[in-house]
Amino acid sequence: MTTPFSFSLGATDGQARTGAITTSRGTIRTPAFMPVGTAGTVKAVQMRDVKATGADIILGNTYHLMLRPTAERVARFGGLHKFSTWEGPILTDSGGFQVMSLSAMRKLTEEGVSFQSHIDGSKHMLTPERSIEIQCLLGADIQMQLDECPPFPISEEASLESLELSVRWAKRSKAAFEEIAGRHQALYGIVQGSVFPDQRKRSAEALQEIGFPGYSVGGLAVGEGREAMFGVLDVTTPLLPKDKPRYLMGVGKPLDLVGAVERSIDMFDCVLPTRSGRHGQAWTWDGPLNLKNAQFVDDETPLDPASDCPASRDYTKGYLNHLFRAGEYLGPMLLSWHNLDFYQRLMAAMREAIAEGRFDQFAEEFRARHRERKG
Ligand SMILES: CCOC(=O)Nc1nc2cc3nc(NC)[nH]c3cc2c(=O)[nH]1
């Protein structure tokens, strides 16, 4: 655990950029997509297969793991890497977003968030300090400050109050992190301010005052829509230091990823490839396919013959259709695996296009080909 966290910028092409994040557990090629490993598992996909798709880093959720099996038990197993057998870098969230979206009886105060577990109703308190303690017990290489993700829409004054709280929690998170984290670990600040440009500026400046090795853009992908999200990125990313990674949380569909890379985002996480895969939706260069659809019953072609991922190359759409109609476990397993492989191929294609100075052309061709809705 000696290699300190560092980010080196590679090629740039307009606002888009490539880079490499060095951690003590390996290098992350950016722009990067992080498969979501909510409860210490990327649902229905083995870690060796997640790695085979090209993922350099996965995400773990503090809220889920603190409730079950608890952070202390994961620590007794040697941390989340050993427990889950994922040997590469792990990023954990701070738990705030999921407490607000999953737990019951939650009460938010200056101190933190008290809530009842959605699993067994047990009472818990998440403070900036406790969130950092949990993320350190898990052994996360990249950690998040505890923040408040405001609902959308929200009034300007309520949004300002929320971002000010998140800034105070950023300070407390960093103080706690400096007390107990290792030099190989990094803590990101989270920019809030909803859809208000002046508030995004205020949040970005306040966080840089505190100083972080990376910055997340929070408060997005909460129903504001693609154009409003891009609009917030247009005003926010230019305010952030160019030599530090920018992470857009909870995003997104392939067209969201392309548009956000175009607006200089370096890191993404989203449950979409795995969650939609479990329900029969396959993501492809031409757009999403619902493999349960009758049109695929006799389809003898694979999802992507050009891929080296067995799930994309070795199975016909007709077989996948059959698996989902029969309710077979292998259906969600193969489609989650394929979707993760497609997402990594998209990220690799974007990294290559940026490095070769042809990202605009790539984005234009992708947007022309990738039909999100039929017709
Ligand atoms: C992943 C690290 O996140 C945090 O610790 N806080 C945080 N998480 C978010 C997750 C989000 N997911 C979506 N859409 C699916 N939007 C999100 C926003 C946040 C956020 O503001 N703050």
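Note that the structure is a prediction, hence the values are computed from the model and not measured.

### With respect to unusual backbone geometry
Step number 1: Looking along the chain, the bond that leaves Arg 68 and enters Pro 69 is cis, with omega of 10°.
Step number 2: Looking along the chain, the bond that leaves Val 251 and enters Gly 252 is cis, with omega of 5°.
Step number 3: Tracing the sequence through the fold places Gly 252 in the loop between β13 (246-248) and α10 (254-261).
Step number 4: Unlike most non-glycine residues, Thr 70 shows phi in positive territory, near 90°.
Step number 5: Mapped onto the secondary structure, Thr 70 falls in the loop between α2 (62-67) and α3 (71-76).
Step number 6: Exposure remark for Thr 70: the relative accessible area of 24% places this residue in the partly exposed category.
Step number 7: Phi angles above zero are rare outside glycine, and Met 105 is one such case at about 50°.

### Looking at the sheet that holds strand β8 (residues 113-116)
Step number 1: Reading across from one edge, β7-β8-β9 is the order of the three strands in this open sheet, with antiparallel pairing throughout. With partners counted over all chains shown, the strands left at the sheet margins are β7 (104-108) and β9 (123-126), one partner each. Within the sheet, the average angular offset between the axes of one strand and its neighbour, ignoring direction, is 15°.
Step number 2: Examined bridge by bridge, β7 and β8 share three bridges and lie antiparallel to one another. Pairing of Ala 104 across the sheet is with Gln 116, part of β8.

### Focus: the packing of helix α14 (residues 330-355) against helix α15 (residues 359-369)
Step number 1: Packing of α14 against α15 leaves a shortest axis separation of 8 Å and a crossing angle of 145°. Side by side, α14 and α15 meet where Phe 342, Leu 346, Ala 349, Met 350, Ala 353 and Ile 354 of the first sit next to Phe 359, Phe 362 and Phe 366 of the second.
Step number 2: Looking at the contact of α14 with α15 residue by residue, the class counts come to nine nonpolar, no polar and no charged.

### Looking at the domain arrangement of the chain
Accessible area lost during the coming together of the parts is what is often quoted as the interface size.
Step number 1: Under the domain assignment used here, the chain contains domain 1 (6-269) and domain 2 (277-369).
Step number 2: On a C-alpha basis, the centres of domain 1 and domain 2 stand 27 Å from each other.
Step number 3: Of the residues lining the interface, 31 residues belong to domain 1; the matching set on domain 2 comes to 25 residues.
Step number 4: Between domain 1 and domain 2, a total of about 2400 Å² is buried, with carbon and sulfur atoms accounting for 72% of that surface.

Cut-offs and rules
- Residues numbered from 1 in each chain as written.
- Predicted model: local features only at pLDDT ≥ 70, side-chain atom pairs only at ≥ 80, totals over all residues.
- Heavy atoms only, no water.
- Helix = DSSP H or I, 4+ residues; strand = E, 2+ residues; numbered from the N terminus.
- Buried < 20%, exposed > 50% of the residue type's maximum accessible area, 1.4 Å probe, protein only.
- Pairing = 2+ DSSP bridges.
- Axes fitted to C-alpha atoms, helices over the stretch in contact; angles between N-to-C directions.
- Contact = heavy atoms within 4.5 Å.
- Nonpolar A, V, L, I, M, F, W, Y, C, P; charged D, E, K, R; others polar.
- Domains from an automatic or database assignment.
- Buried area = accessible area lost by both parts, 1.4 Å probe.

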